[in-house]
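Residue-level structural notes
Here's the letter readout for the chains.
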Amino acid sequence: MLNRFATDYLDTLAGADFTARPRVSGRLSSFDGLLMEAIGLQLPVGTVCRVGDRVEAEVIGFRQGRTLLMNLGGPAPLLPGARVQPVGPPGEAEVGTALLGRVVDGAGKPIDGLGAIRGARHWPLAGKLQGPLDRGRVREPLDVGVRAINGLLTIGQGQRIGIMAGSGVGKSVLLGMIVKAAAADVVVIGLIGERSREVADFMETKVAGEARARSVVVAVPANHSPVLRIRGALRTHAIAEGFRAEGKRVLLIMDSLTRVAHAGREIGLALGEPASARGYPPSAIAMLPNLIERAGACVTSGGSITAIYTVLADGDDGNDPVVDAARSILDGHIVLSRALAERGVYPAIDIGPSVSRVMTDIVGVEHVRAARVLRRHLATYEENRDLILMGAYRAGADPQVDAAVASHPAITAFIRQDADEVVSLADSAAELTGVFGAD
């Protein structure tokens, strides 16, 4: 009986399709609190590894035969010589309708307490490269429910636009207005590098009710690893690309692009890159076009990603390297003015330096003409503002200034809008042409 058991057991082993594979591992040789160096293993950049028993890190580069890794967050009670083992290939993101209404972190793990995400498809975290001719033109406007944007800075489906402002000027409130009213099939929101309190506040006040059911949120607060912050930005775009491949109209909102550049700066400096423009290494600025160019319309599927990025102008400096780089890549930008906010004008959109590069292609001639009239009156008023407020200007001296002064209350009323008010694109255009279309 024992011989029969041994024979059957050995025959089973012999018939099994078994191939021995070596277990790849290395040892931790250096760790300075942020950057790890491992010896004894060679892995592609982007591979996730386990260091010790529970610390996860991602391969970010190589130096003198050593593999460089960066901690993905959490405590790191590590000792010299700790084992380093790969646990996953360069990343993929879960995409599809299974994510609607969910909140995930930079690693794709749900953080909303609703359990695991089931039935999702997978998409490369770095996206799928598209040729220039695979991109469709921006032909249709997108209603965002904000009168000043609909009327004067009309956004098109597939456009990439930036909201540029200093801190505390109203970027998050404006984003909330857009999320609630935007005429999109799906809204993908990336809260990257913001305060944890702002993430909870945004979820409870800006993404609530019907907006929550059609939204996906990727939240990576400022206290998370710079690698996770960049992964969060990549995951946000990958999720949006997955919906676009299904032919859906996607609104992608990322707050903020500057925090992603800050994460790239931390990684670049840790790798020894020289700091150039205001402390940013070249790789941090070069990363932005790769990210922004993933949005747009797709000829093959008929879907589109309309992307709105907030760009934090450090010290209200419009020539900040990130602001300048974003302005050159995006299809338009909305500038928020601290002076307008101090006067109680919300949303504090500074119409003069703001522009939508596709507006003339997606709205009618009368709409464009009325918008130009409003801009002309506003520019004339701002040029003579000091004289007007001091009483040094005498009515009748200049017909253009007289017209600007007379129309200024209407301009301010057109820009100002309550946070819970929704003004459609049709109503915005009708109001604009009704007041300024006859000039």
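Before any of the text, the structure's been laid out above.
Let me sum up the structure you'll find in this document.

Definitions and cut-offs
Residues numbered from 1 in each chain as written. Predicted model: local features only at pLDDT ≥ 70, side-chain atom pairs only at ≥ 80, totals over all residues. Heavy atoms only, no water. Phe/Tyr/Trp six-rings, centres within 6.5 Å; stacked < 30°, edge-to-face > 60°. Lys NZ or Arg CZ within 6 Å of the ring centre and 35° of its normal. Salt bridge = Lys/Arg side-chain N within 4 Å of Asp/Glu carboxyl O. Helix = DSSP H or I, 4+ residues; strand = E, 2+ residues; numbered from the N terminus. Buried < 20%, exposed > 50% of the residue type's maximum accessible area, 1.4 Å probe, protein only. Core = buried A, V, L, I, M, F, W, Y, C linked by side-chain atoms within 4.5 Å. Contact = heavy atoms within 4.5 Å. Axes fitted to C-alpha atoms, helices over the stretch in contact; angles between N-to-C directions. Parallel < 35°, antiparallel > 145°, perpendicular 65-115°, else oblique. Left-handed = near helix turned anticlockwise from the far one by under 90°. Nonpolar A, V, L, I, M, F, W, Y, C, P; charged D, E, K, R; others polar. Arc of directions from axis to C-beta.

Some words on the packing of aromatic side chains
If you walk through the whole model with that rule in mind, you get 0 aromatic pairs. Taking the ring centre of F414 as reference, the NZ or CZ of R147 above it sits at 5.9 Å. The ring of Y280 has R265 lying over it, and the distance from NZ or CZ to the ring centre is 4.5 Å.

With respect to the pattern of salt bridges
Applying the stated rule across the entire model yields 18 salt bridges. Residue E293 pairs with R160 through a salt bridge whose shortest N-O separation is 3.4 Å. With a gap of 133 residues between them, E293 in the loop between α8 (282-292) and β17 (296-298) and R160 in strand β13 (residues 160-165) connect regions that are remote in the sequence. With a relative accessible area of 37%, E293 lands in the partly exposed category. Where E198 meets R195, a salt bridge forms, and the shortest distance between an N and an O atom there is 2.3 Å. By relative accessible area, E198 is classed as buried at 17%.

A short note on the nonpolar core
Counting residues in each nonpolar core, the largest one holds 57 residues, and the members touching the most others are I149, I178, L251 and I308. In terms of residue count, helix α12 (residues 365-383) provides more of this core than any other element does, 6 residues in total. If near-sequence neighbours (up to four positions away) are discounted, I308 is found in contact with I155, I161, I163, L175, I178, L251, L252, I253 and M254. The next biggest cluster of nonpolar side chains, apart from the first, holds 55 residues, and it includes L68, A233, A238 and A295.

Concerning the packing of α12 against helix α15 (residues 425-436)
Taken N-terminus to C-terminus, the directions of α12 and α15 make an angle of 60°; their axes are 9 Å apart at the nearest point. Taken together, α12 and α15 sit at an angle that is classed as oblique. In this structure, α12 crosses over α15, and the sense of that crossing is left-handed. Two secondary-structure elements touch here, α12 through E366, H367, A370, A371, V373, L374 and H377 and α15 through A429, L432, T433 and F436. Its residues placed into classes, the contact of α12 with α15 shows 7 nonpolar, 3 polar and 1 charged.

Here we look at helix α4 (residues 196-206)
When we look at burial in α4, the residues that qualify are E198, V199, F202, M203 and K206. The arc that holds the buried residues of α4, viewed along the axis, is 135°, so those residues lie on one side. For α4, the exposed residues lying more than 90 degrees away from the buried face are R197 and E204. Packed against the buried residues of α4 are β8 (103-104), α3 (171-181), β14 (186-192), α5 (210-213) and β15 (215-220).

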